[in-house]
Amino acid sequence: MKKIISIFISFIISLSFISCGSSSSSSSTTLHTGQSLALSKDAPVCSSKENVDKMINFVKEKNSSGQDQMLARGEAKILPKGTQVNVISISATLVVEVETQDGKKWFAPDSAFK
């Protein structure tokens, strides 16, 4: 469980850079709608943009119970390295919507997929 929490903390740090207006220019990979890719690292994802915000709040508040509940309810999960995803959309805040091979849609900051 600690590994999952630490991955989500990294997720929140990525989102804080996005919300401050910084882009992921340190990565040379540019994502685009319609792109198909295999994840090069584990990627924390949420089932909606609203759940991304909820997870951010739980991490900021150090509310591990709330994080655990989101994981248990399937509102958040870790997509393992190597998972194939298709980029569905990229929002102005650089939150990416992806679809896995099983047809499920997930949301995360673009840095989770680079």
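Whatever comes next refers back to the structure up there.
Source: prediction; values computed, not measured.

Colleague: Break down helix α2 (residues 49–60) for me, with residues and values.
Modeller: Along its 12 residues, α2 runs 17 Å from first to last C-alpha, staying within 8% of the 16 Å computed at 1.5 Å per residue. Those residues of α2 not exposed but buried are Asn51, Val52, Met55, Ile56, Phe58 and Val59. One side of α2 carries all its buried residues, which in axial view fall inside an arc of 165°. In α2, the exposed residues that point more than 90 degrees away from the buried face are Glu50 and Lys60. Of the residues trailing α2, Lys62 is marked for its positive phi of about 55°.

Colleague: Describe the nonpolar core, with residues and values.
Modeller: Within soluble globular proteins, side chains that are nonpolar tend to cluster in buried spots. Core analysis: the largest hydrophobic core is formed by 14 residues, its most contacted members being Leu39, Val98 and Phe113. Every element with two or more residues in this core is listed here: β2 (43–46), β4 (84–90), β5 (95–100) and β6 (105–109). Dropping the residues within four chain positions of it, Phe113 is found in contact with Leu31, Leu37, Leu39, Ala43, Val45, Val96, Val98 and Ala108. Formed by 11 residues, the second largest nonpolar core is a distinct cluster that contains Cys46, Met70, Leu71 and Ala76.

Colleague: If you had to explain the environment of Glu97 to someone new, which residues and values would you point to?
Modeller: Relative to the helices and strands, Glu97 resides in strand β5. Accessibility expressed as a relative area gives 14% for Glu97, which makes it buried. Through-space distance from the C-alpha of Glu97 to that of Pro109 is 8.8 Å; in sequence the pair is 12 residues apart.

Colleague: Explain the pairing of β5 to me, and be specific about the residues and the numbers.
Modeller: With 5 of 6 residues buried, β5 is to be regarded as a mostly interior element. Taken together, the 5 bridges between β4 and β5 define a ladder with antiparallel strand orientation. Opposite Ile90, over in β5, you have Val96 as the bridge partner. Between the end of β4 and the start of β5, which pair antiparallel, lie 4 residues, with Leu94 showing a positive phi angle near 65°. Looking at chain direction, β5 and β6 are connected through 5 bridges and run antiparallel. Bridging from a neighbouring strand, Val98 pairs with Trp106 of β6. Between β5 and β6, which pair antiparallel and follow one another directly, the connecting turn spans 4 residues, one of which, Gly103, has a positive phi of 90°.

Calculation notes
- Residues numbered from 1 in each chain as written.
- Predicted model: local features only at pLDDT ≥ 70, side-chain atom pairs only at ≥ 80, totals over all residues.
- Heavy atoms only, no water.
- Helix = DSSP H or I, 4+ residues; strand = E, 2+ residues; numbered from the N terminus.
- Expected span 1.5 Å × (residues − 1).
- Buried < 20%, exposed > 50% of the residue type's maximum accessible area, 1.4 Å probe, protein only.
- Arc of directions from axis to C-beta.
- Core = buried A, V, L, I, M, F, W, Y, C linked by side-chain atoms within 4.5 Å.
- Contact = heavy atoms within 4.5 Å.
- Pairing = 2+ DSSP bridges.

Scope: geometric values only; no functional claims are made or implied.
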